[in-house]
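Reading the structure
One letter stands for each residue in the lines below.
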Amino acid sequence: MRFFIILISLVSIIFSNTNLIFASEEVIHLTLDNAVDIAMNNSYRTKMLQLEIEESMYWLKARKAGLKTQIYMNLQTPDLQQISDYKWNSVLYKNEIVQENSQLWQSDLAIKQPVILFGYPTNGFLSLNYTVNKYQQKDGEIITDYYNRLYLKFEQPFLLPNELKNDLEEAELNLKDIKLRFLSQRMELLRSIGDDYYEIFEDAYKGIICDKQLQFLRDIEQRIQKMYLQDETRKSDLTQIQLEIGNELENKLSAKSSLRQASSDIKQRLQLNRNDSLIINPVIELKPINVKLEDAIQYGYRNSPELQRLNIYKRRAEIGVDNQKGQNAFHLSLEITYGLEKQNHHLSTLWERFDNSNSVTLNAYVPVWDGGQRKARIQAEMMNLKQRELEIDHEEIDVKNDVTNNYTNLKDYYERGVNLQKSLSLSCEIIQTSIEDYERKQISVQDLLQILNRHKKTEMNLLDVYLGYRRSLVNLMYFTYYDFEKNLPLLEGLGNNFSR
């Protein structure tokens, strides 16, 4: 009976382990960077921003295409008119009802090109146009006229906002704004997921601290067991050490349980399969940040997406002021045509002996009185511009304060971490010396345990300081958008995410 119970237990263990092996779908070596990448790839908001980026790219492409040559044709085939209307009879000096019965067949072909000067559109157009039509009137008899015209046309407004240039700049600003929102989303995730990641890091490193402490305690236990064979007074010391080992094993199990819960939470946060295995390598590595505070503040000014977006809004407000100044304002419009034309009753002669067909028109719009409407609109846009400038000033103050605080914290944590690492190295030497002193009965087991506990406390303090160092570094990256470990602006590091 006992044999069958043991056999069933073994089979259960084997199948249980097999299920664990097959259930684990993927092994992920988790770091803060790839945790952020996973979150970005699985984020609904990120996918929406990527689609917005693509949309803005196409709008910008459309605006740029609008500066290239356009070819189009208009057809009126046919335009039939059989209606009666009042018309003035200059012979009889009176209006009379006249019935019109006409047919028009017309085709207009145009090749149109915006005028580009030094790489910028001038808001003018140059076009090559061709018109040909057939016009028939029926008044007792059918009268047919043929007409064609080939001409070059130049149109140029003056003293008006450059709509082509402004539209192109608006499209460029919109694309840049969405890219900055994408970068802000990534940094928000970096800051948020950093808390979850370093919670896992903390639990994993606590397990390592427990393992080191157990290694010291078991080494001492072995030494005491050897001494106990020769000196039975060591029995209470052996019991005390074994009790301390039991407590430390409980601490290790507690850290392992916390690690398992934190891993489950971050899997859910990253939308990973619950059967995926997360592997983390908790190594404390302190690197000096060789950047001056003034340089870090300048990084914040230059790289902050929020500041850049506020400058985009400021530029849009400036364009708004420019557009309002052009509304109901004095302006000129020049139109020049140069070409050839021909009109005849016979189609066969339509391309013979062309006549010149030239024109020059200068239109001037002169506003006389609008009750102050234009001035009020301009003032409204100016107030919007001043708001954007105040927002920029306020944001620069916030950036400076945030960068200064986190830079100071980072330096402080780094110095404390370096000192604790030296203390920890010295503490290891003290432990070895203290063990030898205990063997010579120069100190008691309680003194030895106090030394071990102080060593563990030093390791825990180092862990706390290191976590503060890493979080301060993440915050400094958040406020400067600069990777101080890679010496690279984050926008450059994410350039590939914007090209699809």
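Every value quoted in this text rests on a predicted model; they were computed, and no experiment measured them. (Residues numbered from 1 in each chain as written. Predicted model: local features only at pLDDT ≥ 70, side-chain atom pairs only at ≥ 80, totals over all residues. Heavy atoms only, no water.)

Considering the packing of aromatic side chains
This structure, assessed with the given rule, holds 11 aromatic pairs. Measuring from ring centre to ring centre gives 5.2 Å for Tyr-197 and Tyr-198, while their planes differ by 75 degrees; the resulting arrangement is edge-to-face. Like Tyr-198, Tyr-197 is buried. Look at Phe-201 and Tyr-205: their rings are 6.3 Å apart centre to centre, the planes differ by 0 degrees, and that puts the pair in the stacked class. Placement of the pair is Phe-201 and Tyr-205 together in helix α4 (residues 163-228), with a separation of four residues, close to one helical turn. Tyr-205 matches Phe-201 in its accessibility class, with the two residues each being buried. Three or more aromatic residues joined by ring pairs make a cluster, and in this case those are Tyr-197, Tyr-198, Phe-201, Tyr-205, Tyr-414, Tyr-466 and Tyr-469. The positively charged end of Lys-112 is found above the aromatic ring belonging to Phe-125, 4.5 Å away from the centroid. (Phe/Tyr/Trp six-rings, centres within 6.5 Å; stacked < 30°, edge-to-face > 60°. Buried < 20%, exposed > 50% of the residue type's maximum accessible area, 1.4 Å probe, protein only. Helix = DSSP H or I, 4+ residues; strand = E, 2+ residues; numbered from the N terminus. Lys NZ or Arg CZ within 6 Å of the ring centre and 35° of its normal.)

Some thoughts on the nonpolar core
Core analysis: the biggest nonpolar cluster contains 67 residues, and Leu-30, Phe-201, Leu-270 and Phe-484 have the highest contact counts within it. When contributions to this core are tallied by element, the ones reaching two or more residues are α2 (32-42), α3 (44-65), α4, α5 (235-270), α6 (293-303), α7 (305-326), α8 (373-439) and α9 (445-480). A per-element tally of this core places α4 first, with 18 residues. Among all residues touching Leu-30, those that are not within four sequence positions of it are Ala-35, Tyr-197, Ile-200, Ile-266, Leu-270, Leu-278, Ile-279 and Ile-280. Of all hydrophobic cores here, the second largest spans 17 residues; its members include Leu-238, Ile-435, Ile-451 and Leu-452. (Core = buried A, V, L, I, M, F, W, Y, C linked by side-chain atoms within 4.5 Å. Contact = heavy atoms within 4.5 Å.)

Brief notes about the state of the cysteines
Tallied over the entire structure, the rule returns zero disulfides. The cysteine Cys-210 is free of any disulfide, with Cys-428 supplying the nearest cysteine sulfur at 16 Å. With a relative accessible area of 4%, Cys-210 lands in the buried category. Look at Cys-428 and you get partly exposed, because its relative accessible area is 32%. (Disulfide = S-S within 2.5 Å.)

Overview of the side chain of Gln-324
Considering the arrangement of structural elements, one finds Gln-324 in helix α7. What makes Gln-324 buried here is its relative accessible area of 18%. Beyond its immediate chain neighbours, meaning those up to four positions away, Gln-324 contacts Arg-374, Arg-377, Ile-378 and Glu-381.

Some remarks on the pairing of strand β7 (residues 331-344)
With 13 bridges connecting them, strand β5 (residues 141-158) and β7 associate as antiparallel partners. Within β7, the residue paired with Tyr-146 across the bridge is Asn-344. Bridge count for β7 against strand β8 (residues 355-365) is 11 bridges, and the pairing is antiparallel. If you follow Thr-337 over to β8, its bridge partner there is Ser-359. (Pairing = 2+ DSSP bridges.)

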